[in-house]
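Chain residues, written in single-letter form:
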Amino acid sequence: MIARLRRAYRGMRLGTRLALGLGALSLVVFAVVGTALTTYMRDYLSAQLDTQLAQAQIAQSKSIADYGTLSGKKYYSWFYAVYDVSDGTPELRRPEDPADLPEDVDDFTALASAQSAAHTELLRTEHLRGAGTYRLRACEVEPGVILVSAAPMEDIEDTVGQLITIQVVTFALALLALVGFGRRMLRRGLKPLSDMASTAHGIASHDLTESAARLPLRADGRDGGPEVDELRTAFNTMLEHIDDSLAVRAEAEQRLRRFVADASHELRTPLMSVRGYADLFQYAAANAPEERDRHLARLRAEAARMGILLDDLLLLARLDAAEVEAPLRCEDADLAELVQQAADAFRASRPDHPLTVTAGPGALKVRLDPQRVRQVLDNLLANAAVHTPPGTPVSVDVTVASHTALVRIADAGPGIPPEDQERVFDRFYRVDKARSRDRGGSGLGLAVAHSLVRAHGGRIELDSEPGATVFTVCLPLDGAALPAAPGPETTAV
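Every chain is numbered on its own, with residues counted from 1 as its sequence reads. With the structure being a predicted model, the display of local features is reserved for residues of pLDDT at least 70 and the display and counting of side-chain atom pairs for 80 or more, all residues being used for whole-chain, interface and lining totals. Here the side-chain values reflect all heavy atoms present in the structure, with hydrogen atoms and water set aside.

Chemist: Before we go on, may I ask you to explain the sheet that holds strand β2 (residues 91-92) in this structure?
Modeler: The strands making up a sheet associate through hydrogen bonds between their backbones, and the pairing can be parallel or antiparallel. Spatial strand order, β2-β1-β5-β4-β3: five strands in an open sheet with antiparallel pairing. In this open sheet, the two edge strands, each paired with only one partner strand, are β2 and β3 (122-128). We call two residues in contact when some of their heavy atoms are within 4.5 Å. Comment: axis = line fitted to C-alpha atoms, over the contacting stretch for helices; angle = value between 0 and 180 degrees taken between N-to-C directions. Helix and strand definitions here come from DSSP, where helices need a minimum of 4 consecutive H or I residues and strands a minimum of 2 consecutive E residues; each element is numbered from the N-terminal end. Together, β1 (79-84), β3, β4 (132-142) and β5 (145-152) form the strand contacts of helix α3 (residues 106-118), whose direction differs from that of β3 by roughly 165°. Strand pairing is assigned whenever DSSP identifies at least 2 bridges connecting the two strands.

Chemist: Help me out: how do you make sense of helix α8 (residues 335-349) in this one?
Modeler: For the α-helix, the turn length of 3.6 residues means that residues three or four positions removed from each other point alike. A helix is expected to span 1.5 Å multiplied by its residue count minus one. An ideal rise of 1.5 Å per residue puts 21 Å on 15 residues; α8 measures up with 21 Å between its terminal C-alpha atoms. In protein, a polar contact means a hydrogen-donor-capable atom and an acceptor-capable atom, both N or O and within 3.5 Å, with residues adjacent in sequence counting only if both atoms are side-chain atoms; elsewhere, any N or O pair within 3.5 Å suffices. The N-terminus of α8 is capped by Asp334, whose side-chain oxygen sits 3.1 Å from the backbone nitrogen of Ala336.

Chemist: How should the environment of Pro102 be read in this particular structure?
Modeler: With respect to the helices and strands, the residue Pro102 is situated in the loop between β2 and α3. Residues Pro102 and Trp78 lie 24 residues apart in sequence; the distance between their C-alpha atoms is 9.3 Å. With sequence-adjacent residues up to four places away left out, Pro102 is seen in contact with Phe79, Phe108 and Leu128.

Chemist: How do you make sense of the nonpolar core when you look at a structure like this?
Modeler: Note that soluble globular proteins tend to have their nonpolar side chains buried in a common cluster. Throughout this description, the term nonpolar core refers to a set of buried Ala, Val, Leu, Ile, Met, Phe, Trp, Tyr and Cys residues connected via side-chain atoms within 4.5 Å. Exposure categories follow from relative accessible area, calculated using a 1.4 Å probe and restricted to protein chains: below 20% of the type maximum is buried, above 50% is exposed, and the middle band is partly exposed. Within the largest apolar cluster, 43 residues are counted, with the highest numbers of intra-cluster contacts made by Leu335, Leu368, Leu377, Leu381, Val407, Ile409 and Val473. Contributing elements (two or more residues each) for this core: α7 (292-320), α8, β8 (365-368), α9 (370-386), β9 (394-401), β10 (404-411), α11 (445-455) and β12 (468-476). Here this core gets seven residues from one element, more than from any other, and that element is α9. Judged by nonpolar contacts, the second largest core, of 17 residues, contains Leu70, Ala151, Ile156 and Val160.

Chemist: Before we go on, may I ask you to explain the sheet that holds strand β7 (residues 355-358) in this structure?
Modeler: Strand order in the open sheet formed by five strands is β7-β9-β10-β12-β11, and the pairing between neighbours is mixed. Since the sheet does not close on itself, it has two edges, and those belong to β7 and β11 (459-465), each with one partner. Averaged over neighbouring strand pairs, the angle between their axes works out to 15° when direction is ignored. Pairing geometry for β10 and β12, over eight bridges, is antiparallel.

Rendered as structure tokens:
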């Protein structure tokens with residue numbers, strides 16, 4: 001039975017449970033208040049009756065002392081008994097009126113005997129046979145004479161009983177009203193929580209598998225007080241965070257699909273070339289031996305191109321997993337010397353692009369991986385040459401500002417459109433949307449440069465407009481990572 005009641009209680013709504021709890025607490029309060037009030041009223045009426053007994057016995061004692069008999073005013077349904085105790089044993093005097101004594105006077109005799117031994121007034125409550133409950137009082141009228149009076153307590157019991165009845169009825173009505181109105185008020189106060197629960201159910205039924213899934217629901221309203229409003233704010237903040245996470249997940253999925261498609265395309269092209277030249281090499285070996293060396297050279301070129309692509313992909317994967325394996329071998333190196341070496345290599349391979357280098361005075365010692373930083377510089381210089389027409393001047397400037405080494409690579413080419421500037425560091429992204437191989441490579445050069453600089457704790461900034469494009473490589477001098485550049489960051493896939 002108790003287990004069933006517990007299950008039923010747990011199955012109730014929160015508002016009902018709170019209302020029942022409030023009702024139980026109120027019931028305890030009502031019981032305590034009612035008991036205290038009833039006890040006080042009983043004691044107050046009993047004290048009044050004791051006072052009335054004492055006042056009546058004063059007058060009656062005077063009558064007994066003066067006339068030897070009990071005369072004067074008598075109260076209806078009261079009992080009176082006079083005892084002689086001169087010899088130590090209470091002896092009842094003959095009453096003037098037989099109605100002055102009850103059927104059983106044993107309680108009167110016992111009280112008179114106790115009073116003669118105590119020599120002070122005594123009070124007792126006794127149940128007299130055939131008469132009911134009475135309040136007895138014994139006092140000494142004169143030496144050797146004791147008067148015992150008894151007043152009925154029926155009026156007190158009736159009054160207390162009526163008081164208890166009134167309390168029970170009043171408290172019961174108040175309890176019902178409290179539970180009823182309390183439940184209604186609690187349900188109204190908890191309605192914002194119910195609304196949030198409905199919102200949560202709506203979110204649970206929302207399809208989160210869509211690539212662009214967003215949560216269209218929010219907890220609205222301003223009811224419920226500060227606590228509910230705080231919960232509502234936290235709930236909406238959580239939904240915003242989930243929305244952001246879903247957006248990031250969708251973007252990462254799209255980037256992954258694009259990455260797989262681009263990587264497949266980039267690998268498919270050299271593989272098809274390798275297979276085609278292999279067929280031509282087989283044909284030439286049998287029919288045109290003089291063509292074998294040319295076809296073999298093309299096979300090697302395509303294999304080398306595919307190897308470079310795979311090396312870039314492997315490097316990016318290692319940079320993405322930098323917490324597991326460190327792809328850098330850092331040492332103290334001269335950044336100005338690295339810039340000069342990259343510039344010499346650029347002049348040798350790109351003689352149609354005049355290059356100006358401003359390396360500043362003296363050496364610039366920075367802790368870095370010389371091979372990887374040289375790769376960054378080569379990629380940025382090659383990017384400046386590939387995307388500008390022949391004869392376009394290119395400049396490299398090395399400076400120090402706020403404990404940061406800055407390498408600016410600028411060209412006077414046509415610039416990068418604003419809509420492409422935020423994505424130039426994405427993998428396989430080309431400003432030239434045509435997948436031609438005469439301009440641009442696989443689209444990994446800037447992505448590799450960006451990831452390598454980030455692995456060094458630095459960043460790459462881009463500022464481009466028609467006639468001026470500047471890539472700024474920022475490397476920390478004290479080893480602490482630099483804050484990210486303003487603008488969107490490339491998310492690794």
